[in-house]
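So you can see what is in the structure, the chains are spelled out below.
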Amino acid sequence: MSYLIKLDEVTIGYEKDGILGPVDLTIGRGRFWGIIGPNGGGKSTLLKTVLGLIPPVSGVVRTHNSLTFGYVPQKDKFDPIFPASVDELVTMGRYSRIPPGRRPSRADRERIQHALTMAGIIHLKQRTFRSLSEGEKQRALLARAIAGEPDILVLDEPTASVDVKGEARIMELVRKIKAEQGLTVLMVSHYLNTLTQHADMMMLIDKDRSLFQSGTKEEMLKSESVTGFFGMNTSKAPVE
Amino acid sequence: MESFELFLNSYFLWRDPMIVGVVAGAVCGFLGVYVVLRRIIFVSAALTQISSLGVALTFYLGAYATGALSELIHPFVLSIALTALAALFFALKRDFSRISREGVIGFGFLAASGSVVIIGDRITQGAHDIANILFGSAVVVDPKDVFIIPAAALGVFFIHTIFYKDFIFVSFDEDSARLFKYPVRLLNTVLLVSIAVMVAVCTRALGALPVFAFLALPPLTALFVTERLKLVFALSIMLGVLSAALGYFFSFILSTPTGATMTVCAALFFVIGLAWREIKIS
C-alpha cells in the first residue's frame, strides 16, 4: 500500500450536511502537510474526517492498516475542571498501545518519560495541565502525541495564541520529532509563514468558496487561490 | 455527653443504617467524581428521581399484585430497571432532535418528580412514605440492605478498579479514545449504568436527597481542596463517609430528619472546602 491515508470523492460535513466536496487526497509516508484556510473554513472538519472522528457525508476515507495517530487537538478542547497532571495527560497518549483494562507497563512508563524529556517538560510532569502557560500546554500535548510512537502526527492549530518565541520552540520540536522518527505530519494553521517554513505539501481549504486544492508547497504558493485567499502575492524568500 | 452515651448505647438501633449510609456515602462519593468532572450533575439528579419513581411505583402496584407477580414488584427490581433504562438512554442517545441534552435531562427529572408525587397521592401508605423516598428516611433500613448495598458497592468498585484508566480517558478526551479504537460507547454505558445501579439501591435505602447530595457535594469539595486526580477520588470517598456518619449521628442526637441532616453535613463540608480554596488563593 503506497499511502497512509486516501480520500476518494469525500464530502466533509456533519451528519447529512456536507460543507465541502468532493475531496480527493493521498497522504504518503514521511511528508509534512500544511492545511491552511480561513477561520471556519472547514480545516478542523477535514482533519476530524481524516482521523475518522466524524464520518464523511459521502465518499470513502481509507487508512493504512494499523495506522497509529498522534493527535494534538486545539488546547482549549480540554475541560479545565479536570485536574489531570501533565504526567497523566502524556500517559493517555500512550493508550493507543495499551488496550482497555490494561495498565501501562514499565516499557510504557519509559516511553512516556522519553516523550516528556524530548518535549522539554519533564520538570513540569507533576503540574496540572490547566496551570501551564500556552506554550507549555502545547509542548505537553506534543509529548502526549509522540508517547504513542505514532506513524502520523496530526496537529490542530498548535501555535494558536502562542507568542513568537513559543511558536519557534514548538515548531522546532515538531521538526525534531519528524526528523528523528520519520513521521508524517499533518498540521492545520492559519499562519502561512509557519507552514511555508516547515511543510513540503499543502492543502488550501475554504468551504465558503467551495475551494479545496492540494499539491507541493511550491505549486500552492504560485496558485491563484492562495494569492486570492491572502489578497497578496505570495512567494518564498530567505530571511536575512 | 449524655446524648453521646445514649447514642453509643443504642448501637443495635443504628448499626445497620450506619453501615448502609457509610457505604452509600463512599460509593456515591467515588462515582460522583465522574458525575462532576463530566458535568452531568443533573443526570444524577434525574436518576435519583427516576429511581424514586421506581420505588413509588412498587408501593402503588403492590396493592394490586397477587401471587408470583407480587414477588417481581420489588422496590429494588423496579428501581434498578427504571434507573438503568434511563442511564442507557442518556448514554446511548446523543441526538435529541435539536433539543439540548440538558433539556431532556430536565424533562426526565421533572416527569419523574411529578409522577412520584401523583403516585404518592394514590397509595395507601400516603405522604409520609413518599416524603421518605424523596428526602430520605435512613433511620431504619431493611436488613437486606446491609448486604445488598455493600455487595453492589463491591461490584462497582471491582469494575472501576479494572477500567479506571479507561473511564478517566473517555471522560477526559473522548475524541482520542475513539481515535485509539477504544469502545467509547460501551465504556460510557458501563460507567453510567454503574452509577444508575448504585443510585437505585441507595435511593431505596436512604432516599433521593442524600444520594444526590453524596454524588455532587463530596467531589465538588474535594476539587476545591486538591489538584491531584487520585486524591480527589480518595478525598471524595472520605467526605461521603463522613457526611453519612456525622449526618446520622447528628440526626440521632438532634432528632432531625436523617437524609436531610446527611445532606446538610455534606453541604457544610462544601462550605469549608470553598473557604479553604479562597484562603489558599488569596
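A short tour of the structure in this document, coming up.

1. Overview of the overall build of chain B
Helix and strand counts for chain B stand at 14 helices and zero strands. Its helices and strands in sequence order give chain B the pattern α-α-α-α-α-α-α-α-α-α-α-α-α-α, from N to C terminus. Expressed as a percentage of its 282 residues, the buried residues of chain B come to 52%. Summarising the internal contacts of chain B: among those between residues at least 6 apart in sequence, 77% fall at separations of at least 24. Looking at chain B as shown, the accessible area adds up to about 13000 Å², and 72% of this sits on carbon and sulfur atoms.

2. Some details on unusual backbone geometry
You will see that A:Ser210, though not glycine, has its phi angle at about 45°, which is positive. Within the secondary structure, A:Ser210 is located in the loop between strand E8 (201-206) and strand E9 (211-216). Phi at B:Ser255 takes a positive value of approximately 55°, unusual for a residue other than glycine. Considering the arrangement of structural elements, one finds B:Ser255 in the loop between helix H13 (229-254) and helix H14 (258-281). Under the relative-accessibility criterion, B:Ser255 is labelled exposed at 65%.

3. Some words on the interface of chain B and chain A
Each partner contributes residues to the interface: chain B has 26 residues there, and chain A has 28 residues. With both chains or domains summed, chain B and chain A bury close to 2700 Å², and 62% of this area falls on carbon and sulfur atoms. The largest contributions to the chain B side of the interface with chain A come from B:Lys165, B:Phe172 and B:Leu179, which together make up 28% of the buried area. The tally of links between chain B and chain A comes to four salt bridges. B:Arg39 serves as the salt-bridge partner of A:Asp79, at 2.4 Å between the closest nitrogen and oxygen. Counting across the interface, chain B meets chain A through 13 residue pairs in polar contact (both at pLDDT 80 or more). Of all elements in the fold, only helix H2 (11-37), helix H8 (145-162), helix H9 (164-172), helix H10 (174-179) and H13 of chain B reach the threshold of two or more residues within the side of chain B that touches chain A.

4. Details of helix H3 (residues 106-118) of chain A
Because each turn of an α-helix spans 3.6 residues, side chains separated by three or four positions end up pointing in the same direction. Residues and elements named next belong to chain A. Between its first and last C-alpha, H3 extends 18 Å over 13 residues, near the 18 Å set by a 1.5 Å rise per residue. Where H3 is concerned, the buried positions are Asp-108, Arg-111, Ile-112, Ala-115, Leu-116 and Met-118. All buried residues of H3 lie within an arc of 165° about the axis, which places them on one face of the element. Structural note: H3 exposes Arg-106 and Glu-110 on the side pointing more than 90 degrees away from its buried face. Contacts made by the buried residues of H3 are with helix H2 (86-93), helix H4 (134-147) and helix H5 (164-181). Following H3 by one or two positions, Gly-120 adopts a phi angle in the positive range, close to 70°.

5. Comments concerning the packing of aromatic side chains
Residue and element names in this part refer to chain B. Taken as a whole and assessed by the stated rule, the structure comprises 21 aromatic pairs over all chains. Ring geometry for Phe-30 and Tyr-34: centres 6.2 Å apart, planes at 80°, overall edge-to-face. Within this pair, Phe-30 and its partner Tyr-34 are both found in helix H2, separated by four residues, close to a single helical turn. Residue classification places Phe-30 among the buried positions, given a relative accessible area of 8%. With 5.6 Å between their ring centres and 70° between their planes, Tyr-164 and Phe-233 make a pair best called edge-to-face. Separated by 69 residues along the polypeptide, Tyr-164 in helix H9 and Phe-233 in helix H13 bring together distant segments of the chain.

6. Some details on the sheet that holds E9(A)
Residue and element names in this part refer to chain A. With mixed pairing, the six strands of this open sheet are ordered in space as E5-E6-E7-E3-E8-E9. Across the chains shown, the open sheet's two edge strands, defined by having one partner strand only, are strand E5 (69-72) and E9. Strand-to-strand twist in this sheet, taken as the mean axis angle between neighbours without regard to direction, amounts to 15°. With five bridges connecting them, strand E3 (residues 32-36) and strand E7 (residues 184-189) associate as parallel partners. Considered in E7, the bridge of Gly-34 is made with Met-187. Of the strands in this sheet, E5 and strand E6 (152-156) touch H4, which is tilted by about 170° from E5.

7. Some words on H2(A)
Of all eight residues in H2(A), seven are buried; the element is thus mostly enclosed. Within H2(A), the full set of buried residues consists of A:Val86, A:Asp87, A:Leu89, A:Val90, A:Thr91, A:Met92 and A:Gly93. Among the structural elements, H3 and H4 of chain A together with H9 of chain B are those in contact with the buried residues of H2(A).

8. A look at the environment of B:Ala111
Residues and elements named next belong to chain B. Checked against the element boundaries, Ala-111 lands in helix H6 (residues 101-122). Overall, the relative accessible area of 34% leaves Ala-111 in the partly exposed class. It is 46 Å that separates the C-alpha atoms of Ala-111 and Glu-2, two residues lying 109 residues apart in sequence.

9. Digging into the environment of B:Ile40
All names here are of chain B. The residue Ile-40 is located in the loop between H2 and helix H3 (41-62) in this model. Residue class for Ile-40 comes out buried when judged on its relative accessible area of 11%. Excluding its chain neighbours within four sequence positions, the residues that come into contact with Ile-40 are Tyr-34, Val-35 and Leu-192.

10. Remarks on the sheet that holds strand E2 (residues 17-27) of chain A
All names here are of chain A. If you walk across this open sheet you meet the three strands as E2-E1-E4, and the pairing is antiparallel. On the outer flanks of this sheet lie E2 and strand E4 (58-63), each paired with one strand and no other. Averaged over all pairs of adjacent strands, the angle between their axes in this sheet comes to 30°, without regard to strand direction. Pairing between strand E1 (residues 5-14) and E2: seven bridges, direction antiparallel. Each bridged residue has a counterpart across the sheet, and for Ile-5 the counterpart in E2 is Ile-27. The strands that helix H1 (residues 43-51) touches are E1, E2 and E4; relative to E1, the one it contacts most, it runs at about 125°.

11. Notes on the state of the cysteines
Residues and elements named next belong to chain B. Enumeration according to the criterion identifies zero disulfides over all chains in this entry. Cysteine Cys-28 shares no disulfide, and the gap to the nearest cysteine sulfur, in Cys-202, comes to 4.2 Å. No disulfide involves Cys-265; its nearest neighbouring cysteine sulfur is the one of Cys-28, lying 16 Å away. Among the residues examined, Cys-265 registers a relative accessible area of 9% and is labelled buried.

What counts as what
Residues numbered from 1 in each chain as written. Chains lettered and ligands numbered in written order. Predicted model: local features only at pLDDT ≥ 70, side-chain atom pairs only at ≥ 80, totals over all residues. Heavy atoms only, no water. Helix = DSSP H or I, 4+ residues; strand = E, 2+ residues; numbered from the N terminus. Buried < 20%, exposed > 50% of the residue type's maximum accessible area, 1.4 Å probe, protein only. Contact = heavy atoms within 4.5 Å. Areas by Shrake-Rupley, 256 points an atom, 1.4 Å probe, with all protein chains shown as cover. Buried area = accessible area lost by both parts, 1.4 Å probe. Salt bridge = Lys/Arg side-chain N within 4 Å of Asp/Glu carboxyl O. Polar contact = N/O pair within 3.5 Å; in protein donor to acceptor, adjacent residues only side chain to side chain. Expected span 1.5 Å × (residues − 1). Arc of directions from axis to C-beta. Phe/Tyr/Trp six-rings, centres within 6.5 Å; stacked < 30°, edge-to-face > 60°. Pairing = 2+ DSSP bridges. Axes fitted to C-alpha atoms, helices over the stretch in contact; angles between N-to-C directions. Disulfide = S-S within 2.5 Å.

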